[in-house]
Amino acid sequence: MAIVSTRLFGLCLASALLASAGTAMAQGVKVVRFLHNETDPPSMAFFNKAIADFERLNPNIKIEMESVSTDGRLQKVTASMNAKTMPEVFKILAEERMQFARKGYLVPLDNMVASIGANDYLDDLIVKVDGKIYDVPYTINNFSVLFYRDDLLKAANLTPPKNWNELKAAAQALNKGDVNGFVLPAGQNRATSLYLASLVWSAGGTFFDKDLKVTFNSPATVAALAFMKDMAAVSPKGIAAYSYGDMINVYLTGKVALDLYAPRLVATGYDTVPAVATQTKAVVMPVGPSGHAVKFISPNSFAIASPAVGAKNTAEAQKFLEFIVSGERLRDLSLTVFPHMIPPLKSVQAMVIDAAKDKLGGGSNPAELGKVSFDLSNSMSFEDEAGASWVDGKLVKAGLDNPYIGAIVARHIPAQVVQRVLINGEAPAAAAAWGAQEMQKIVDDLKRSAR
């Protein structure tokens, strides 16, 4: 009996030790929450694989991923910050950087950028706030590529438009039967705001000057709004609710001839509607009244939230973030939606172009579409447009990071201006004046709160 009892005690002791070890291992695992809005199936497949690879190499770190829609991202981030439940790694836009950093919501990433190689990033992509780096770009999106149905243009004996007048004439000529000549977004969203911004810049204006004074109420804004009104007349009737995805989905029905948008359009087309995609070609954005075309580019970045908004395992988060935004992982992410996701690293751009030979049906399409899509010359985004000017035919930015533009875009002021013209029938000059007044109110409020 004594022997049986001793054996039983030994088994119980071993079980207790194993349970204790299991608990210790579980306690040793650090959870990193990861929030992004790259919800298309190829990108989700990439992230699932990258997470599995990372967790295999780092068994003490578990990644919990959550994806949200592009239009719902900011609402999710704002609610999480207010509730102090922020995911450690999250998608951030350039116009949000300064506000979040100065409030203490972000962790500095200078060491990580140095590890990746600061000189490998394209010019102007690494932006500091008060001397520190708070976000790391993982892709650049070019929202100013003119896609066109080559078969429809040839049937009408038209060539790809090179300026606004030619674009308007081509859209009107192709707007017949069940085909719309053009499509543009006019919903109350960021897509509409960035669309207007690019047109204002191409007409020779900016939202702010080099002294960060509101300059939105200008002849350039009026010209851009008048142009959008003309183009809305040859666009689908539902544009008042259109956002990012609609610019793709409507074109891929085969009932739109011209679409000024991002390369995700053609990437999605080859995956879902190759009959339309194979008839699609692309050229650079037509020039505006200024004689220039200014592209809207959107550098998409990841940041690491600070403990001030509920983030916990920030060191582990930085390890994971560096893993997915550099080297072969960044190449693979860029290839998921080629040529939409432009790599911010020069070394990875070369890898992507080389690896994209079999994309988009092969042949010359990857090279042709990639060349137009990757052309980031004369381009801006919301946060760096203030005070931009033209010098010897080249766009020159003032080097400012606008602390006011994030709130203006978040409240959809530019998009509301578009809606006042396209939906309410307001005169472009009156809408531009209203928009400038609303922007100034936000600037004044932010200045008062900073005192």
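Residues numbered from 1 in each chain as written. Predicted model: local features only at pLDDT ≥ 70, side-chain atom pairs only at ≥ 80, totals over all residues. Heavy atoms only, no water.

**Digging into the sheet that holds strand 7 (residues 145–149)**
One open sheet accounts for 3 strands, arranged 8-7-9; its pairing is antiparallel. A single partner strand is all that each edge strand has here, and the edge strands are strand 8 (258–261) and strand 9 (280–284). Shown here is a sheet whose adjacent strand axes are inclined to one another by a mean of 25°, direction ignored. (Pairing = 2+ DSSP bridges. Helix = DSSP H or I, 4+ residues; strand = E, 2+ residues; numbered from the N terminus. Axes fitted to C-alpha atoms, helices over the stretch in contact; angles between N-to-C directions.)

**Overview of the pairing of strand 2 (residues 61–67)**
As paired elements, strand 1 (residues 30–36) and strand 2 share 7 bridges and run parallel to each other. Its bridge partner lying in strand 2, His 36 is registered against Ser 67. Regarding the hand of the β-α-β motif, the stretch spanning strand 1, helix 2 (residues 41–57) and strand 2 is right-handed. (Right-handed = clockwise from strand over helix to strand, strands pointing away.)

**Some thoughts on the packing of helix 9 (residues 219–232) against helix 18 (residues 413–422)**
Here helix 9 crosses helix 18 at 55°, and the two axes come no closer than 10 Å. Taken together, helix 9 and helix 18 sit at an angle that is classed as oblique. Crossing handedness for the pair helix 9 and helix 18: right-handed. Counting all contacts with helix 9, which are made through Leu 225, Met 228, Lys 229 and Ala 232, the residues of helix 18 involved are Val 417, Val 418, Val 421 and Leu 422. Of the residues assigned to the contact of helix 9 with helix 18, the class counts are 7 nonpolar, no polar and 1 charged. (Parallel < 35°, antiparallel > 145°, perpendicular 65-115°, else oblique. Left-handed = near helix turned anticlockwise from the far one by under 90°. Contact = heavy atoms within 4.5 Å. Nonpolar A, V, L, I, M, F, W, Y, C, P; charged D, E, K, R; others polar.)

**Describing the domain arrangement of the protein chain**
The domain architecture assigned to the protein chain consists of domain 1 (29–139 + 299–357) and domain 2 (145–293 + 378–450). Summarising the inter-unit geometry, the C-alpha centres of domain 1 and domain 2 are found 27 Å apart. If you look at the interface, domain 1 gives 19 residues, while domain 2 gives 20 residues. Here domain 1 packs against domain 2, burying approximately 1,500 Å² in sum over the two surfaces, 59% of which is carbon and sulfur. Sorting the residues of domain 1 by area buried against domain 2 places Glu 95, Met 98 and His 340 first, and these three jointly supply 39% of that buried surface. At the boundary of domain 1 with domain 2, the tally comes to 5 salt bridges. (Domains from an automatic or database assignment. Buried area = accessible area lost by both parts, 1.4 Å probe. Salt bridge = Lys/Arg side-chain N within 4 Å of Asp/Glu carboxyl O.)

**With respect to the nonpolar core**
With 130 residues, the main nonpolar core has Phe 182, Leu 258 and Ile 324 as its most contacted residues. In terms of residue count, the dominant contributor to this core is helix 8 (residues 190–202) (8 residues). Shared between two domains, this core takes at least three residues from each, and those domains are domain 1 (29–139 + 299–357) and domain 2 (145–293 + 378–450). With residues near it in sequence (within four places) discarded, Leu 258 still touches Leu 146, Phe 147, Tyr 148, Leu 153, Pro 161, Leu 167, Ala 170, Ala 171, Leu 174, Gly 181, Phe 182 and Val 183. Judged by nonpolar contacts, the second largest core, of 17 residues, contains Val 68, Val 129, Val 309 and Ala 311. (Core = buried A, V, L, I, M, F, W, Y, C linked by side-chain atoms within 4.5 Å. Buried < 20%, exposed > 50% of the residue type's maximum accessible area, 1.4 Å probe, protein only.)

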